[in-house]
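Architecture and fold: a report
Listed below are the residues making up each chain.
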Amino acid sequence: MVRSSQPLNFYLTQILSGHGNFGSYLCKIGKREVAECRYCAEPNDTPEHTMFACPRWEEVRMTIGGNISADTFLKSVTERRENFEAISKLAQNILEAKYSEEQG
Ligand SMILES: [Zn+2]
């Protein structure tokens, strides 16, 4: 699926709302039996886990320096336009990679 024409905040919306390709959400809507992360031992794959903690996406996180956490995220995106763009891009890169890996 081509999503490059989506506005950058399409991906941030998934992180903030939790409505996206996350075990916790897929389990909740009945698309998956369990909420666990498919890449590590985390029993509950939430947006926070995917975006900030899952070791699978550490390399992608490093593209913006890797120093982002659930605690600093909101302040960061609202503080400066460049942060918003960088973090939106990070969300896009992680969620697109996750989506395409899970299609295979
Ligand atoms: Zn994980």
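Before any of the text, the structure's been laid out above.
Residues numbered from 1 in each chain as written. Predicted model: local features only at pLDDT ≥ 70, side-chain atom pairs only at ≥ 80, totals over all residues. Heavy atoms only, no water.

Before going further, it helps to examine the packing of helix H1 (residues 9–17) against helix H6 (residues 81–103). In contact at an axis separation of 8 Å, H1 and H6 are set at 75° when each is read in the N-to-C sense. Relative to H6, H1 is oriented roughly perpendicular. Residues Asn9, Tyr11, Leu12, Gln14 and Ile15 of H1 pack against Phe84, Ile87, Ser88, Ala91, Gln92, Leu95 and Glu96 of H6. Split by residue class, the contact of H1 with H6 holds seven nonpolar, four polar and one charged. (Axes fitted to C-alpha atoms, helices over the stretch in contact; angles between N-to-C directions. Helix = DSSP H or I, 4+ residues; strand = E, 2+ residues; numbered from the N terminus. Parallel < 35°, antiparallel > 145°, perpendicular 65-115°, else oblique. Contact = heavy atoms within 4.5 Å. Nonpolar A, V, L, I, M, F, W, Y, C, P; charged D, E, K, R; others polar.)

Moving on, we come to the packing of aromatic side chains. Enumeration according to the criterion identifies three aromatic pairs in this entry. Taken together, a centroid distance of 4.9 Å and an interplanar angle of 90° make the contact between Phe10 and Tyr11 edge-to-face. Using a relative accessible area of 26% as the deciding quantity, one classes Phe10 as partly exposed. Over the face of the ring belonging to Tyr39 we find Arg56, whose NZ or CZ atom lies 5.9 Å from the ring centre. (Phe/Tyr/Trp six-rings, centres within 6.5 Å; stacked < 30°, edge-to-face > 60°. Buried < 20%, exposed > 50% of the residue type's maximum accessible area, 1.4 Å probe, protein only. Lys NZ or Arg CZ within 6 Å of the ring centre and 35° of its normal.)

For Pro43, the location among the structural elements is in the loop between helix H2 (23–28) and helix H3 (47–53). On the basis of relative accessible area, Pro43 is assigned to the exposed category, the value being 59%. Among all residues touching Pro43, those that are not within four sequence positions of it are Ala35 and Glu36.

Moving on to the pattern of salt bridges. Counted according to the given criterion, the structure contains seven salt bridges. The salt bridge involving Arg56 is made with Glu101; its shortest N-O contact spans 2.1 Å. One end of the pair, Arg56, is in the loop between H3 and helix H4 (58–61); the other, Glu101, is in helix H6, with 45 residues separating them in the sequence. Judged by its relative accessible area of 34%, Arg56 falls in the partly exposed class. (Salt bridge = Lys/Arg side-chain N within 4 Å of Asp/Glu carboxyl O.)

Another point: the coordination of the zinc ion. Protein-derived ligands of the zinc ion are Cys37 (SG), Cys40 (SG), His49 (NE2) and Cys54 (SG), with the metal-ligand distances lying across 2.1 to 2.3 Å. Classification of the site at the zinc ion as tetrahedral follows from its four donor atoms and the range of 98 to 122° in their angles at the metal. Each donor residue of the zinc ion belongs to the same chain, with the gaps between them written as C-x2-C-x8-H-x4-C. In this structure Cys37 comes out as buried when scored by relative accessible area, which is 4%. Judged by relative accessible area, which is 24%, Cys40 ranks as partly exposed. (Donors = N, O, S within 2.8 Å, 3.2 Å for Na, K, Ca; no water. Tetrahedral: all angles 85-135°; square planar, octahedral: opposite > 155°, others 65-115°.)

In this section: the side chain of Asp45. For Asp45, the location among the structural elements is in the loop between H2 and H3. Judged by its relative accessible area of 2%, Asp45 is buried. Among the polar contacts listed, one links the side chain of Asp45 to the side chain of Lys98, at a separation of 2.8 Å. Apart from the residues lying within four places of it in its own chain, the contact partners of Asp45 are Asn21, Phe22, Gly23, Ser24, Ala35, Glu36, Cys37, Thr50 and Lys98. (Polar contact = N/O pair within 3.5 Å; in protein donor to acceptor, adjacent residues only side chain to side chain.)

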